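So you can see what is in the structure, the chains are spelled out below.
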Amino acid sequence: MSEKTEEDCAAIIDEGNLLCIMLAQPDADSALNEMHRIATLIVDHARAIRCRNIAGVEFA
């Protein structure tokens, strides 16, 4: 994976975490709860990509 892809993954994780914090505020609308869950999934996927890259696993 290229260095640029690693930088993109780091940005996705940072922005996803920020989104989770913003959406978890006490005044957040109930519809945003699902957005919070989805943002968490995005972070999980980006973290998995990074872990595979660090481990040196080739993509098929």
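See the structure printed just above.
All figures in this text were calculated on a predicted structure; none of them were measured in a lab.

### Comments concerning the overall build of the protein
Scanning the protein from terminus to terminus reveals two helices and zero strands. Going through the 60 residues of the protein one by one, you find that 13% of them count as buried.

### With respect to the environment of Leu18
Examined against the element boundaries, Leu18 turns out to sit in helix H1 (residues 3-23). Each C-alpha atom, one on Leu18 and one on Ala39, is 9.4 Å from the other, the two residues being 21 residues apart in sequence.

### Details of a nonpolar patch on the surface
A surface patch of nonpolar side chains, amounting to about 310 Å² of accessible area, comprises Ile12, Ile38, Leu41 and Ile42. In terms of residue count, the dominant contributor to the nonpolar patch is helix H2 (residues 32-55) (three residues). Tracing the sequence through the fold places Ile38 in helix H2. Of the residues examined, Ile38 reaches a relative accessible area of 43% and is grouped as partly exposed.

### Re the pattern of salt bridges
Using the criterion set out here, one finds two salt bridges in the structure. The shortest N-O distance in the salt bridge between Lys4 and Asp8 comes to 3.5 Å. With a gap of four residues between them, Lys4 and Asp8 both fall in helix H1, about one helical turn apart. With a closest N to O distance of 2.8 Å, Arg50 and Glu6 form a salt bridge. Placement of Arg50 in helix H2 and of Glu6 in helix H1 is noted, with a sequence separation of 44 residues between them.

### So, the state of the cysteines
Evaluated as defined, the whole model comprises zero disulfides. Unpaired in this structure, Cys51 has its nearest cysteine sulfur neighbour in Cys9, at a distance of 10.0 Å. Residue Cys51 is classed as partly exposed on the basis of its relative accessible area of 47%.

How each quantity is defined
- Residues numbered from 1 in each chain as written.
- Predicted model: local features only at pLDDT ≥ 70, side-chain atom pairs only at ≥ 80, totals over all residues.
- Heavy atoms only, no water.
- Helix = DSSP H or I, 4+ residues; strand = E, 2+ residues; numbered from the N terminus.
- Buried < 20%, exposed > 50% of the residue type's maximum accessible area, 1.4 Å probe, protein only.
- Patch = residues over 30% accessible without salt bridge, like charges linked within 9 Å, V, L, I, M, F, W, Y side chains within 5 Å.
- Areas by Shrake-Rupley, 256 points an atom, 1.4 Å probe, with all protein chains shown as cover.
- Salt bridge = Lys/Arg side-chain N within 4 Å of Asp/Glu carboxyl O.
- Disulfide = S-S within 2.5 Å.

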